[in-house]
Amino acid sequence: MFGESQRTVVVVGAQWGDEGKGKLVDVLAERADWVVRYQGGANAGHTVHIGDTSFVLHQIPSGILHPGVRCAIGNGVVLDPDTLFTEIDGLVQDGVDVEGRLYVSDRAHLVLPYHKLVDSQSSASAAIGTTGRGIGPAYEDKVARRGVRVLDLRHPERLRELVEQAAEHANAQLSRFGSDKRVDCDATLALLARLAERLLPLAEDVGFVIHKAIKSGATVLLEGAQGSLLDVDHGTYPFVTSSNTTSGGAAVGAGIAPTAIDAVLGVVKAYTTRVGNGPLPTELEGEMGERMRKLGNEYGATTGRPRRCGWFDAVVVRYAGRINGLSDLAVTKLDVLDTLDKVAICTGYEYEGEVHTEFPADLTALAQLSPKYEWFDGWQQSTADARKLSELPSQARAYLDRIEELCETRITYVSVGTRRDQIIGLE
């Protein structure tokens, strides 16, 4: 995508997450100077396949796999410092040079042991289907102004006050949940003292660093976690994550001006998946749902949980296009459909006797609607070796053409496998 008029590009998921954003960022990072993660936490996993090696990155941008590309974790992320260093050490062990290439916003809030404890004991977290990694409680503390930021590690006395204040709130929550577990402040502070030795040298004013990079003509990729339909404001609330996953959150979460963004690439699967609870209008039940899950190896990179699968939902993706201002689409996992004799696209929802083509915010409507489908002949041959659009079967091209038409956004990339090289660029 990069060019003279497109130097700062946001990559967003345009469904419910797990769309393959990591692979697209990895492909685009080859031409980038910076890759910045702007929201979410260690509850997301981006999987990148290079040769016979697979890398699962939970917090570090996948651009780290390209030598010379610098990576930053923005202020909008809630950072789990303990698992961050586990991730860094794993990369180094696999031969990836991280030294001097990773920056962490000193404004980023920290996910601490008591956040995970509260998350694990909360019945509300279980009902929504969270990953239990403390992301929601950490964002809650941030909004309530009792969060701990990276820069607080520079001031031990202030840090103790913050931890004690947050622990008091966490203990009150645990009591309300009927749990007898309690926060150990001294153990938390001892952990932070150990982590500070490695974390503070990475701390920077990331917003200012990226602002200067953009001004100097650098190419910058901004990547989020989860998908647009999990956005706390625009997703299927309350079955959402605790942050803004959409492109509007990219400027806020990276610390740059929205006018600095030149393009927004939406990533979608050639079908639809969702992890956890909440609406999924095109969900496939029974044998077909299980078949799709096996064909696509649809299990969470972070949790291992099986993903729910459904046909491609053009209503969802068109909605995501509107709220993100998508300039381009990347369609991933087209190859998963290779063996099917028929494939379908949802073009609208029937509800109360009428067909609707806009995505509703009302969970009651989402629970009662019936998806309306267009059916297409399957291509029933492998697309894995295609590197040009012309090398795809005519039925696959027709399917992509209809997706592009219904979603009102041009397709510029098609992924036909897990490897870095299994991608068709249509620019």
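Residues numbered from 1 in each chain as written. Predicted model: local features only at pLDDT ≥ 70, side-chain atom pairs only at ≥ 80, totals over all residues. Heavy atoms only, no water.

S.K.: So, the overall build of the protein chain: which residues are in play, and what are the values?
M.R.: Scanning the protein chain from terminus to terminus reveals 13 helices and 20 strands. Since a compact globule built from 427 residues should have a radius of gyration of about 22 Å, the 21 Å found for the protein chain is in line with a globular shape. Counting only C-alpha atoms and orienting by the principal axes, one finds that the protein chain spans roughly 65 × 50 × 40 Å. Taken across its 427 residues, the protein chain has 58% of its residues classed as buried. Sequence separation of at least 24 residues holds for 76% of the intrachain contacts in the protein chain that already meet a minimum separation of 6. Of the roughly 17500 Å² of accessible surface on the protein chain, a fraction of 47% belongs to carbon and sulfur atoms. The distance from the centre of the 44 positive side-chain charges to the centre of the 58 negative ones in the protein chain is 1 Å. (Helix = DSSP H or I, 4+ residues; strand = E, 2+ residues; numbered from the N terminus. Rg over C-alpha atoms; globule rule 2.2 N^0.38 Å. Buried < 20%, exposed > 50% of the residue type's maximum accessible area, 1.4 Å probe, protein only. Contact = heavy atoms within 4.5 Å. Areas by Shrake-Rupley, 256 points an atom, 1.4 Å probe, with all protein chains shown as cover. Lys, Arg positive; Asp, Glu negative; His and termini not counted. Charge placed at Lys NZ, Arg CZ, Asp CG, Glu CD.)

S.K.: Requested: an account of the packing of aromatic side chains, with residues and values cited.
M.R.: Taken as a whole, this structure holds 8 aromatic pairs when the rule is applied. Measuring from centroid to centroid gives 6.4 Å for Trp16 and Phe359, while their planes differ by 65°, and the two rings are edge-to-face. Placement of the pair is Trp16 in the loop between β1 (8–13) and α1 (21–29) and Phe359 in the loop between β17 (354–356) and α12 (363–368), with a sequence separation of 343 residues. The class of Phe359 is buried, set by a relative accessible area of 10%. Taking 5.8 Å as the distance between ring centres and 85° as the angle between the ring planes, the aromatic pair formed by Phe376 and Tyr399 counts as edge-to-face. Residue Phe376 is located in strand β18 (residues 370–377), and its partner Tyr399 is located in helix α13 (residues 394–407); the two are separated by 23 residues in the primary sequence. The exposure classification of Phe376 matches that of Tyr399, with both residues buried. Connected via pairs of aromatic rings, a cluster forms that spans Trp16, Tyr319, Tyr349 and Phe359. (Phe/Tyr/Trp six-rings, centres within 6.5 Å; stacked < 30°, edge-to-face > 60°.)

S.K.: So what about the pattern of salt bridges? Which residues, and what values?
M.R.: Tallied over the full model, the rule gives 24 salt bridges. Two residues, Arg307 and Glu298, come together in a salt bridge whose shortest N-O distance is 2.7 Å. An identical accessibility class is assigned to Arg307 and Glu298; each is buried. When salt bridges with common partners are traced through the structure, they connect Asp18, Lys269, Glu298, Arg307 and Lys333 into a single cluster. (Salt bridge = Lys/Arg side-chain N within 4 Å of Asp/Glu carboxyl O.)

S.K.: Break down the sheet that holds β1 for me, citing the residues and quoting the values.
M.R.: As summarised here, the arrangement of the 10 strands in space is β9-β7-β5-β2-β10-β1-β11-β15-β19-β20, forming an open sheet in which the pairing is mixed. Because the sheet does not close on itself, it has two edges, and the strands there are β9 (203–204) and β20 (423–425). (Pairing = 2+ DSSP bridges.)

S.K.: Provide a residue-level description of the nonpolar core, including the pertinent values.
M.R.: Counting residues in each nonpolar core, the largest one holds 63 residues, and the members touching the most others are Ile64, Leu84, Leu91, Leu110, Leu199 and Leu221. Beyond its immediate sequence surroundings of up to four residues, Leu221 is in contact with Phe2, Val9, Val11, Val25, Leu28, Ala29, Ala32, Trp34, Val35 and Val36. Val12, Val264, Ala396 and Ile403 belong to the second-largest nonpolar core, a separate cluster that totals 57 residues. (Core = buried A, V, L, I, M, F, W, Y, C linked by side-chain atoms within 4.5 Å.)

S.K.: Account for the environment of Trp311, naming residues and giving values.
M.R.: Residue placement: Trp311 occurs in the loop between β13 (308–310) and β14 (312–313). Among the residues examined, Trp311 registers a relative accessible area of 5% and is labelled buried. For the pair Trp311 and Phe55, spaced 256 residues apart in sequence, the C-alpha separation works out to 28 Å. Beyond its immediate stretch of four places on either side in the chain, Trp311 contacts Tyr271, Thr272, Thr282, Leu284, Met288, Met292, Leu340, Lys342, Val343, Ala344, Tyr373 and Trp375.

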